[in-house]
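Chain residues, written in single-letter form:
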Amino acid sequence: MTDIANPERMLFASTTQAFLEKEGSLSSVRGLHASGVAFEKDWWQRAAELGWASLLVPEELGGGSVSGDGVADLALVAEQVGHTVAPGPLHPVSVVLTGLVEAPGGHEAYIEALVSGEAVASWAVYEPTRPFAPLQAGTTATRTESGYRIDGVKDRVEAGTDSDAVLVVATCGGEIRQFLVPIDTAGITVTPQKSVDLVKRYARVQFDAVEVDESAAVGTAEQTPAIIERQQQIAVVLQCAEIVGILDAVLAMTNQWLFDRHSFGRPLASYQALKHRAADMKMWFEACRATTAGAVAAVSARSPEAQKFASVAKAYVAERAPAMLQDCVQLHGGIGVTWEHDLHLYLRRVALYRAMFGSPEDHHREVYALSAEPRARETTTQESNP
């Protein structure tokens, strides 16, 4: 996804890569896991200084991107993060900023804090025992004299224990709304949740009669569905971009192993059966990269088909990547299933992303529904105009 014709983007990519190799390596991931830490806040602040948190924010709100295409630049960062499965709240902060910049009124100060890395925020959209359904919420927001009272429970809130605020999806008067709520507000209880990933941490956030001002609302009731759809698209393309980076790193690692490891005096890469497996994985990888690039372009351009392109990418990438990672584990032989080998770090991240923000099966159904709508409209038009 890196545009070699754009020198600014190339410089941004090389700077990001150098930072991650030094400050977000696989050894640092293992160190954080051993310490029970998801990420260090000063590390995230240094990442924000490189511009990671500003890419989706317009210049008038203190942001800006190196190439003028913030979505593509952010996907580039996510892809680089995938090479080392680095820690940090890139995804939750980006999704929250996506929502805030669509309706920034009253939230300018918080946008500035997120862009600078001084604050961390996360999207509270999941609810216990419920699948990902962003336009449905059991959590309620009730109008009061001064604002709203929020009641309910959210879980699978990424970086919830490290966040300064959460963007809560709630039902208010039968309509879906979002509210930016500081995590230290009275009535909020945060309980840590572990995940299969070594450094990705989640939280259960309970709201018991949490009082917020009118200014906590993000956008109007009419704006909210479109804002949430935009947030969902950004969340999905970031996942896919990071998985592409993971596949790139793991395939390079596996191919090098096949050339270095010898059997009966010949490198493993010389065996025909293994050549076929490597060729298959290369083909699948290029398909993952292409579908992700198409989704990034559609979301960046705010195409009417952006939602469908994002679902196509998630359905294909999240379905194919775990199988490819398992193939790489098998190609490494016994060493591939050990704790000491780095393969499981990548496999864990891919397994997590497969499940979050809709499974491949969910997105297959979404693609079918979105593809069927134009045909239904076309049929209706033809019947009304014989």
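Residues numbered from 1 in each chain as written. Predicted model: local features only at pLDDT ≥ 70, side-chain atom pairs only at ≥ 80, totals over all residues. Heavy atoms only, no water.

(A) Broad picture of the overall build of the chain. Counting its regular elements, the chain contains 11 helices and nine strands. Relative to the globule expectation of 21 Å for 386 residues, the C-alpha radius of gyration of the chain, 22 Å, shows essentially globular dimensions. Here the C-alpha coordinates of the chain stretch approximately 80 × 65 × 45 Å along the principal axes. Of the contacts formed within the chain by residues at least 6 apart in sequence, a portion of 74% connects residues at least 24 apart. (Helix = DSSP H or I, 4+ residues; strand = E, 2+ residues; numbered from the N terminus. Rg over C-alpha atoms; globule rule 2.2 N^0.38 Å. Contact = heavy atoms within 4.5 Å.)

(B) Seen up close, the UniProt feature "domain: Acyl-CoA dehydrogenase/oxidase N-terminal" (unreviewed entry) in the chain. Listed under "domain: Acyl-CoA dehydrogenase/oxidase N-terminal" (unreviewed entry) in the UniProt record, and renumbered for this structure, are residues 7-89. Between the first and last C-alpha atoms of residues 7-89 the distance is 27 Å; the span itself is 61% helix and 0% strand. (UniProt positions renumbered as here; feature names shortened; annotations may be inferred.)

(C) Region of the structure containing the layout of surface pockets. The calculated volume of the largest pocket comes to roughly 320 Å³. Counting only elements with at least two residues in the lining of the largest pocket, the list comes to α7 (224-260) and α11 (360-384). Counting residues per element, the lining of the largest pocket draws most heavily on α11, which supplies four residues. Counted by class, the lining of the largest pocket contains seven nonpolar, four polar and four charged residues. (1 Å grid on protein atoms, 1.4 Å probe; cavity = no way out; pocket = protein on both sides within 12 Å on 5 of 7 lines; lining within 4 Å. Points joined across faces, edges and corners; volume = space filled by probe spheres on them. Nonpolar A, V, L, I, M, F, W, Y, C, P; charged D, E, K, R; others polar.)

(D) Molecular detail of the UniProt feature "domain: Acyl-CoA dehydrogenase/oxidase C-terminal" (unreviewed entry) in the chain. This chain's UniProt record puts "domain: Acyl-CoA dehydrogenase/oxidase C-terminal" (unreviewed entry) on residues 239-362. With 75% helix and 3% strand, residues 239-362 has its two end C-alpha atoms placed 15 Å apart.

(E) Fine view of the domain arrangement of the chain. Segmenting the chain into domains produces domain 1 (7-116), domain 2 (121-221) and domain 3 (224-371). Computed from C-alpha coordinates alone, the two centres of domain 2 and domain 3 are separated by 30 Å. Taken residue by residue, the interface counts 23 residues in domain 2 and 17 residues in domain 3. For the domain 2 and domain 3 pair, buried surface summed over both sides reaches about 1,700 Å², with 68% attributable to carbon and sulfur atoms. For the pair domain 2 and domain 3, the number of links is one salt bridge. Of the charged contacts in the structure, one is a salt bridge between arginine 349 and aspartate 197, with a shortest N-O distance of 2.6 Å. The interface formed by domain 2 and domain 3 contains six residue pairs in polar contact (both at pLDDT 80 or more). Within the residue set of the side of domain 2 that touches domain 3, elements represented by two or more residues are β4 (165-172) and β5 (175-182). The leading source of residues in the side of domain 2 that touches domain 3 is β5, at three residues. Residue classes in the side of domain 2 that touches domain 3 are distributed as 15 nonpolar, four polar and four charged. (Domains from an automatic or database assignment. Buried area = accessible area lost by both parts, 1.4 Å probe. Salt bridge = Lys/Arg side-chain N within 4 Å of Asp/Glu carboxyl O. Polar contact = N/O pair within 3.5 Å; in protein donor to acceptor, adjacent residues only side chain to side chain.)

(F) The arrangement of empty space enclosed by the protein in detail. One pass over the structure, following the stated rule, counts three cavities of 30 Å³ or more. The volume enclosed by the largest cavity comes to roughly 130 Å³. Mapped by element, the contributors of at least two residues to the lining of the largest cavity are α5 (90-102), β1 (121-124) and β3 (147-158). The biggest single contributor to the lining of the largest cavity is α5, with three residues. In the lining of the largest cavity, the residues fall into nine nonpolar, three polar and two charged. Of the volumes computed, that of the second largest cavity is approximately 70 Å³. Taken together, Ala38, Phe39, Pro87, Gly88, Pro89, Glu158, Ala159, Val199, Lys200 and Arg201 make up the full set of residues lining the second largest cavity. Here the lining of the second largest cavity is built from residues that sort into six nonpolar, one polar and three charged. Residues lining the lining of the second largest cavity come from more than one domain, with at least three contributed by each of domain 1 (7-116) and domain 2 (121-221).

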